Amino acid sequence: MNQPFDKKTLDFEEKLAPLVGVIGKITECEVVPNAQIAQVKQPPFVAYFPLTFDDPVFSDATANDGTFEAVISLDVFAKVMGQGMQICGDLRAYLLDPYVRQLLRTHAGITIQKATPARSRSLTDLPFSAVYHHGFDLTIQYYRHYTSPIDVISAVEGFFNTQKEDE
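For clarity, every value in this text was computed on a predicted model and none was experimentally measured. (Residues numbered from 1 in each chain as written. Predicted model: local features only at pLDDT ≥ 70, side-chain atom pairs only at ≥ 80, totals over all residues. Heavy atoms only, no water.)

## Some thoughts on the packing of aromatic side chains
For step 1, the next point in the chain: The tally for this structure, following the rule as stated, stands at 4 aromatic pairs.
For step 2, the next point in the chain: Both rings, one in Phe12 and one in Tyr142, keep their centres 6.4 Å apart while their planes meet at 90°; by these two values the pair is edge-to-face. Here Phe12 is found in helix α1 (residues 12-27), whereas its partner Tyr142 is found in strand β6 (residues 132-145), with 130 residues between them in sequence.
For step 3, the next point in the chain: Take Phe12: its relative accessible area is 29%, and that puts it in the partly exposed class.
For step 4, the next point in the chain: Among the residues examined, Tyr142 registers a relative accessible area of 4% and is labelled buried.
For step 5, the next point in the chain: Judged by centre distance (4.8 Å) and plane angle (10°), the ring pair of Phe45 and Phe77 falls under stacked. Of this pair, Phe45 sits in strand β2 (residues 45-56) while Phe77 is found in strand β3 (residues 65-78), placing the two residues 32 residues apart along the sequence. With respect to class, Phe45 is no different from Phe77; both count as buried.
For step 6, the next point in the chain: Counting every residue linked through ring pairs, the aromatic cluster contains Phe12, Phe53, Phe68 and Tyr142. (Phe/Tyr/Trp six-rings, centres within 6.5 Å; stacked < 30°, edge-to-face > 60°. Helix = DSSP H or I, 4+ residues; strand = E, 2+ residues; numbered from the N terminus. Buried < 20%, exposed > 50% of the residue type's maximum accessible area, 1.4 Å probe, protein only.)

This is the structure we're talking about:
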């Protein structure tokens, strides 16, 4: 028997896939989730990690239907400081460019809201020797729609009829 919770309300990997694809095209680097950093053979590469997600944009939004926000941490790893700074700076500039923003809005349903300034970051216990690490946080918005299998009654015809019946 199928339960209402047998299907995903939103597939986050599917929702982020177009953004990850654009990041790869901009940087010409491998783009991996943070958990897969150790599997990357050689820098430069870009790692991403959702810091927050499913944060309602409007206070009256429900968990099932509305506009939601996510903050994605984007980090560039490189063996040369200048290369890491260049890739990170280009990535931030292109993600804020009207062309890329329109592309993601039209084809992926993702709206880029803002990006924090790019800065050097620190990470220990990497499987690489001397690596430079630069990044920023990207705020995106997306629409989430899930319809519950429970019927919701929005009106009952004739129930609130205020006209008197003929006597």
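There is more to say, and it comes next.
## Brief notes about the nonpolar core
Grouped burial of nonpolar side chains is what soluble globular proteins tend to show.
For step 1, the next point in the chain: Within the largest apolar cluster, 29 residues are counted, with the highest numbers of intra-cluster contacts made by Leu19, Leu74, Leu95, Leu138 and Ile140.
For step 2, the next point in the chain: If you list the elements that add at least two residues to this core, you get α1, β2, β3, α2 (81-95), α3 (98-108), β4 (110-115) and β6.
For step 3, the next point in the chain: If we ignore the near neighbours within four places in the chain, the residues touching Leu19 are Leu95, Leu104, Ile110, Leu138 and Ile140.
For step 4, the next point in the chain: Among the nonpolar cores identified, the runner-up in size contains 6 residues, and Val32, Val40, Phe45 and Ala47 belong to it. (Core = buried A, V, L, I, M, F, W, Y, C linked by side-chain atoms within 4.5 Å. Contact = heavy atoms within 4.5 Å.)

## Topic: the packing of α1 against α3
For step 1, the next point in the chain: Between α1 and α3, the least distance of the axes is 10 Å, while the angle of their chain directions is 150°. The angle between the axes of α1 and α3 places the two elements in the roughly antiparallel class. Crossing geometry of α1 relative to α3 is assigned as right-handed. Seen from α1, the contacting residues are Lys15, Pro18, Leu19 and Val22; seen from α3, they are Val100, Leu103, Leu104 and Ala108.
For step 2, the next point in the chain: A class-by-class count of the residues in the contact of α1 with α3 yields 7 nonpolar, no polar and 1 charged. (Axes fitted to C-alpha atoms, helices over the stretch in contact; angles between N-to-C directions. Parallel < 35°, antiparallel > 145°, perpendicular 65-115°, else oblique. Left-handed = near helix turned anticlockwise from the far one by under 90°. Nonpolar A, V, L, I, M, F, W, Y, C, P; charged D, E, K, R; others polar.)

## Regarding the packing of α1 against α2
For step 1, the next point in the chain: With their axes 10 Å apart at the nearest point, α1 and α2 run at an angle of 130° to one another. Classified by the angle between their axes, α1 and α2 sit oblique to one another. In terms of crossing hand, the pair formed by α1 and α2 is right-handed. Judged by residue contacts, Leu19, Val22, Ile23, Ile26 and Thr27 of α1 engage Ile87, Asp90, Leu91, Tyr94 and Leu95 from α2.
For step 2, the next point in the chain: Of the residues that constitute the contact of α1 with α2, the class distribution is 8 nonpolar, 1 polar and 1 charged.

## Considering the environment of Thr111
For step 1, the next point in the chain: Secondary-structure assignment places Thr111 in strand β4.
For step 2, the next point in the chain: Here the alpha-carbon distance between Thr111 and Thr139, two residues 28 residues apart in the chain, equals 8.6 Å.
For step 3, the next point in the chain: Once residues lying within four places of it in the same chain are set aside, the contact partners of Thr111 are Arg105, Thr139, Ile140 and Gln141.

## Comments concerning α3
For step 1, the next point in the chain: Within α3, burial applies to Val100, Leu104 and Ala108. The buried residues of α3 occupy an angular sector of 35° when the element is viewed end-on, so they sit on one face. Those residues of α3 that are exposed and angled more than 90 degrees off the buried face are Pro98, Tyr99 and Thr106.
For step 2, the next point in the chain: Looking at the buried positions of α3, the neighbouring elements they touch are α1, α2 and β4.
For step 3, the next point in the chain: Sitting at the amino-terminal end of α3 is Asp97, which places a side-chain oxygen 2.9 Å from the backbone nitrogen of Tyr99.
For step 4, the next point in the chain: Where α3 ends, the next residue or the one after it, Gly109, has phi of about 70°, a positive value. (Arc of directions from axis to C-beta. Polar contact = N/O pair within 3.5 Å; in protein donor to acceptor, adjacent residues only side chain to side chain.)

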